[in-house]
Amino acid sequence: MNPNQQSSAFNLQPGTCNLQHHLSRRQLLKGTVVTAGGMAVANWGALFHSQTIAAEARRTGKRCIMLYMEGGVSQIDTFDMKPDRPTAGEFRPVQTKIPGIQVCEFLPNIARHADKLAIIRSMRTKTPDHGPGGYYMHTGYHPSERFPHPEAGAMIAKYCENPESDLPSFVKIGSSSGIYGAGYLGPQYDPFVLGDDGRLPGFANPSVAPEIQSRRGELLSFMEQRFAEQRPGDPFASHRTAELRTIRLMRARQTFDVSAEWEKAKDRYGDTQFGRGCFTALKLVEAGVSFVEVGHAGHDTHMNNFPISKALYSTMDPAWGSLLDDLTQRGLLQDTLVVWTSEFGRTPAINVRAGRDHFGRAWTVVLAGGGIKGGQHYGSTDPDGFEVAENPVSEADYIATIYKAMGVDHRAKHYLGTRPIWATAEGSKPIEELLG
């Protein structure tokens, strides 16, 4: 199967729900209906009886914010600059307070936080296509696997969630980075998706007064209870659990309204959708959400790389820098892992359209906070940035490092029926040098 066929089979284009994501919800509804009719539900029955679902989630108190640069962000124009080399491009590096760490001149707010950053300059990944690359960097597995793996947000939600919270444990702000879902963990760990600016979707706003909603809920509970007494089934119970979670979310929806505080914060974060998304992520982890992903679209710069990237950095830099400022000042950074990543990097060579193309052989991601030792870089590339020179890091190693920083066993075993499945692929290793 070629990459295009894989992409089509799994519908992995960024910004769209993949096939499995839709199937999860449809199968859940189908399972409820079919069970109501007294018939077997083979696939979902296996899930609901698996040890994966039966295992009790534990709360670590840790949180994660992922800043996802959709399209493939350039490493040479940001954190692995090559001054005076043919691949250098138009941007110039500035020295930070940490020896050996230079960043782009258009990232001054990030440069201030160099002592908090762990820069991985030796990512070597296998899929320079958007859909499969996004799936790989969210799950650590190749998309050709026969069953879908959960993305990192779902896995962290399972192990780090507060089960008593009214808030969802996995939130995505914007869908441009792709929605890969909870896979075999089940729909309760699927992401709750907000608009690009962090606002709640329209369906989350109640259409009737609270007293009417309450009476409707009582009537629905009575009817469902009578129905379930005669037709017991796990899919039905799961449907009811999802419904109760929705009711709890309705009670907590004010947490998502950051309008009043945003008026004071927008000058620092930048009055942009990404800026507001980062500020909303801060408020959500402060309220107890385990994992928040904020997408920043537009990094697919096949042409006019430099003016486009400069404009993108003017949005990214104040938002990311202010997020680190506020996490630090509120005492949250030590337990909040901040990940800056993408589906791949961009070519060192500049093409005839003054752009940089897709590139997975040697590129960069950045970690901060949440048990990461900052003020360092890991791995390196050759003088022009075409190959990893030392310490190559795979997609699975990168995901394993995130899990270990979050207190999650990167080799945790789950079951789909009787089939064992591991959180990360065999041979994956966390980068111990980065972990505090």
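Scroll up a little and you will see the structure.
Residues numbered from 1 in each chain as written. Predicted model: local features only at pLDDT ≥ 70, side-chain atom pairs only at ≥ 80, totals over all residues. Heavy atoms only, no water.

Asks: Help me out: how do you make sense of the pairing of strand β16 (residues 419–422) in this one?
Replies: Put simply, side chains in a regular strand alternate between the two faces of the sheet. As paired strands, strand β15 (residues 413–416) and β16 are joined by four bridges and run antiparallel to one another. Each bridged residue has a counterpart across the sheet, and for Lys 413 the counterpart in β16 is Trp 422. The antiparallel pairing of β15 with β16 creates a hairpin that spans two residues between the two strands, and Gly 417 there sits at a positive phi of about 65°. (Pairing = 2+ DSSP bridges. Helix = DSSP H or I, 4+ residues; strand = E, 2+ residues; numbered from the N terminus.)

Asks: Quick question: what am I supposed to make of a nonpolar patch on the surface here?
Replies: A contiguous nonpolar surface patch, about 330 Å² in accessible area, is contributed by Leu 219, Phe 222 and Met 223. Among the structural elements, Phe 222 can be located in helix α8 (residues 210–230). Take Phe 222: its relative accessible area is 48%, and that puts it in the partly exposed class. (Patch = residues over 30% accessible without salt bridge, like charges linked within 9 Å, V, L, I, M, F, W, Y side chains within 5 Å. Areas by Shrake-Rupley, 256 points an atom, 1.4 Å probe, with all protein chains shown as cover. Salt bridge = Lys/Arg side-chain N within 4 Å of Asp/Glu carboxyl O. Buried < 20%, exposed > 50% of the residue type's maximum accessible area, 1.4 Å probe, protein only.)

Asks: Explain the sheet that holds strand β8 (residues 336–341) here, please?
Replies: Either a parallel or an antiparallel arrangement is found when strands of a sheet pair, and the pairing is made through backbone hydrogen bonds. Spatial ordering of the open sheet is given by β6-β5-β7-β1-β8-β11-β4-β12, a layout of eight strands whose pairing is mixed. Two strands lie at the open edges of the sheet, namely β6 (192–194) and β12 (376–378), each paired on one side alone. Here the strands of the sheet are splayed against their neighbours by 20° on average, with no regard to which way each runs. Bridge analysis of strand β1 (residues 63–69) against β8 gives six bridges, and the strand direction is parallel. Bridged to Leu 67 within β8 is Trp 340. Helix-sheet contacts for helix α11 (residues 273–287) involve β1, β5 (170–173), β6 and β7 (291–296), and the interaxial angle to β7 is about 175°. (Axes fitted to C-alpha atoms, helices over the stretch in contact; angles between N-to-C directions. Contact = heavy atoms within 4.5 Å.)

Asks: Explanation requested: the packing of α11 against helix α12 (residues 305–329) in the structure shown.
Replies: Two quantities define a packed helix pair, namely the angle between the axes and the distance from one axis to the other. The interhelical angle for the contact between α11 and α12, taken along N-to-C directions, is 20°, at an axis separation of 8 Å. Judged by the angle between their axes, α11 and α12 are roughly parallel. Between α11 and α12 lies a crossing of right-handed hand. Facing α11, whose interface residues are Phe 274, Gly 275, Cys 278, Leu 282 and Val 285, α12 presents Thr 315, Met 316, Ala 319, Leu 323, Asp 326 and Leu 327. (Parallel < 35°, antiparallel > 145°, perpendicular 65-115°, else oblique. Left-handed = near helix turned anticlockwise from the far one by under 90°.)

Asks: Any chance you could explain the pattern of salt bridges here in plain terms?
Replies: For side chains of opposite charge, pairing can occur when their charged atoms come near one another. Applying the stated criterion across every chain yields a total of 18 salt bridges. Arg 112 is the partner of Asp 325 in a salt bridge, and the nearest nitrogen-oxygen pair spans 3.0 Å. With a gap of 213 residues between them, Asp 325 in helix α12 and Arg 112 in the loop between α5 (108–111) and β4 (117–123) connect regions that are remote in the sequence. Under the relative-accessibility criterion, Asp 325 is labelled buried at 15%. In this structure Arg 112 comes out as partly exposed when scored by relative accessible area, which is 38%. Residue Arg 330 is joined to Glu 286 by a salt bridge in which the shortest nitrogen-to-oxygen separation is 3.1 Å. With a gap of 44 residues between them, Arg 330 in the loop between α12 and β8 and Glu 286 in helix α11 connect regions that are remote in the sequence.

Asks: Please clarify how the pairing of strand β11 (residues 363–368) should be interpreted in this entry.
Replies: With respect to burial, β11 is a largely interior element, six of its six residues being buried. Neither face of β11 is left uncovered, since the one carrying Trp 363, Val 365 and Leu 367 and the one carrying Thr 364, Val 366 and Ala 368 both have all their residues buried. As defined by bridge partners, β4 adjoins β11 across five bridges and the pair is classed as antiparallel. Residue pairing in the sheet places Ile 120 in a bridge with Val 365 of β11. In this sheet, β11 lies alongside β8 in antiparallel orientation, the contact comprising three bridges. Residue pairing across strands places Val 339 opposite Leu 367, the latter belonging to β11.

Asks: Could you clarify how one ought to interpret the nonpolar core in this entry?
Replies: One finds Leu 67, Phe 79, Val 292, Trp 320, Leu 327 and Trp 340 to be the most contacted residues of the largest nonpolar core, which totals 54 residues. The element that contributes the greatest number of residues to this core is α12, accounting for nine residues. Residue-level mapping places this core at the junction of two domains, with at least three residues from each of domain 1 (32–199 + 270–434) and domain 2 (201–256). In this structure, Phe 79 is in contact with Gln 102, Val 103, Leu 107, Ile 110, Leu 117, Ile 119, Arg 121, Trp 320, Trp 340, Thr 364 and Val 366, ignoring residues within four places of it in sequence. (Core = buried A, V, L, I, M, F, W, Y, C linked by side-chain atoms within 4.5 Å. Domains from an automatic or database assignment.)

Asks: In this structure, what is going on with α12? I would like to understand it.
Replies: One turn of the α-helix equals 3.6 residues, which is why residues spaced by three or four share an orientation. The end-to-end C-alpha distance of α12 is 35 Å, a good match for the 36 Å that 25 residues give at a rise of 1.5 Å each. Within α12, 18 of the 25 residues are buried, which leaves the element mostly enclosed by the surrounding structure. Looking one or two residues beyond α12, the residue adopting positive phi is Gly 331, at roughly 70°. (Expected span 1.5 Å × (residues − 1).)

Nothing here speaks to function; it is geometry throughout.
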